[in-house]
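Next come the chains, spelled out residue by residue.
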Amino acid sequence: MSIPIGIVAIVILYEFSHDKFTKKPTDKDLVGVYHITDANSLISTNQYHSYTLEFKNDGTFYLTPTPNINVCETGKYFVDWQFKFNELSFQCDKGFTTAHIDRNFSGYRIEFIVGDPDSGESIFFSKEK
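Summarised in this report is the structure supplied together with it. All residue numbers here refer to positions counted from 1 along the written sequence of the relevant chain. Residue-level local features of this predicted model are given only where pLDDT is at least 70; pairs of side-chain atoms are given and counted only at 80 or more, and the full residue set underlies all totals for whole chains, interfaces and linings. Each side-chain value is worked out from all heavy atoms of the structure, with water and hydrogens disregarded.

### Topic: the overall build of the protein
Here is the rule: Elements are defined by DSSP. Helices are runs of H or I of four residues or more, strands are runs of E of two residues or more, and each kind is numbered from the N terminus. Only protein chains enter the area calculation, which uses a 1.4 Å probe; residues under 20% of their type maximum are buried, those over 50% are exposed, and those in between are partly exposed. We call two residues in contact when some of their heavy atoms are within 4.5 Å.
Along the backbone of the protein there are 2 helices and 8 strands. Starting at the N terminus, the α and β elements of the protein follow one another as α-α-β-β-β-β-β-β-β-β. Taking all 129 residues of the protein together, the buried fraction comes to 35%. Contacts in the protein between residues at least 24 apart in sequence constitute 42% of all its contacts with a sequence separation of at least 6.

This is the structure in structure tokens:
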């Protein structure tokens, strides 16, 4: 009986601590150059560094054409924390595409979900240090 209660308590504690203690990056924090760090076998690991996502100070972005990511090369970006799993919006000429800011206790990375969200296929970009 104590094992199921303990598991439920751990899940609740993790959800509370994750939201309270992981940093939500500001627009200024996002500025910089990112490269792919994980692509769930969608892109060969030796090609990760050839794909770039750059957030600029003026609220614009540049994205190297990347397989499985349907986002224009340049446009504007916006951050809105009220939309869970779609915190980041990329505005192209006539439309928007969203991405997720995957936060953890050591930082964050930008996640583009590929296809069905339940499939678990994503492409992750991390900021250059």
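### Considerations on the pairing of strand β5 (residues 88-91)
Definition in use: Each pair of strands is called paired provided DSSP finds at least two bridges between the two strands.
Sheet topology note: the strand β4 (residues 74-79)/β5 ladder contains 4 bridges and is antiparallel. From the neighbouring strand, valine 79 faces β5, where its bridge partner is leucine 88. In terms of strand pairing, β5 meets strand β6 (residues 96-104) through 4 bridges, oriented antiparallel. Paired with glutamine 91 across the two strands is phenylalanine 96, which belongs to β6. Where β5 folds back on β6, the antiparallel hairpin that results is connected by 4 residues.

### Comments concerning the nonpolar core
Generally speaking, a soluble globular protein has its nonpolar side chains buried in company with each other. How we decide: Think of a nonpolar core as a cluster: buried Ala, Val, Leu, Ile, Met, Phe, Trp, Tyr and Cys residues, connected wherever their side-chain atoms sit within 4.5 Å.
Grouped together as the largest cluster of nonpolar side chains are 25 residues, with contacts concentrated most on Phe55, Leu88, Phe90, Ile110 and Phe125. Broken down by secondary-structure element, the contributors of at least two residues to this core are β1 (32-38), β2 (52-55), β3 (60-63), β4, β5, β6, β7 (107-113) and β8 (122-127). Setting aside anything within four residues of it in sequence, one finds isoleucine 110 in contact with Leu30, Tyr34, Leu53, Phe55, Leu88, Ala99, His100, Ile101, Ile123, Phe124 and Phe125.

### Quick notes on the pairing of β8
Where burial is concerned, most of β8 is hidden: 5 out of the 6 residues are buried. Both β1 and β8 contribute to a ladder of 4 bridges, which runs antiparallel. When the bridges of β8 are listed, tyrosine 34 appears paired with lysine 127. One ladder, built from 4 bridges, connects β7 with β8; its direction is antiparallel. Bridge assignment links glutamate 111 to a residue of β8, and that residue is phenylalanine 124.

### Topic: the sheet that holds β3
Two orientations exist for strands paired in a sheet by backbone hydrogen bonds: parallel and antiparallel. Selection criterion: To obtain an axis, a line is fitted to C-alpha atoms, over the contacting stretch when the element is a helix, and the angle between two such axes runs from 0 to 180 degrees between their N-to-C directions.
One closed barrel accounts for 8 strands, arranged β1-β2-β3-β4-β5-β6-β7-β8; its pairing is antiparallel. Direction aside, neighbouring strands of the sheet carry axes that sit 35 degrees apart on average. In this structure, β3 lies alongside β4, joined through 3 bridges in antiparallel fashion. Residue pairing across strands places phenylalanine 61 opposite glycine 75, the latter belonging to β4.

### So, the state of the cysteines
Where we set the bar: Sulfur atoms of two cysteines make up a disulfide when they are within 2.5 Å.
Using the criterion set out here, one finds 1 disulfide in the structure. Across a sulfur-sulfur distance of 2.0 Å, cysteine 72 and cysteine 92 are joined as a disulfide pair. Negative torsions about the S-S bond denote left-handed disulfides, and the value of about -90 degrees found for cysteine 72 with cysteine 92 makes this one left-handed. Placement of cysteine 72 in the loop between β3 and β4 and of cysteine 92 in the loop between β5 and β6 is noted, with a sequence separation of 20 residues between them.

### Focus on the environment of serine 126
Positionally, serine 126 belongs in strand β8. With 73 residues separating them along the chain, serine 126 and leucine 53 place their C-alpha atoms 9.0 Å apart. Residues contacting serine 126, with those up to four places away along its chain left out, are Val33, Tyr34, His35, Thr37 and Arg109.

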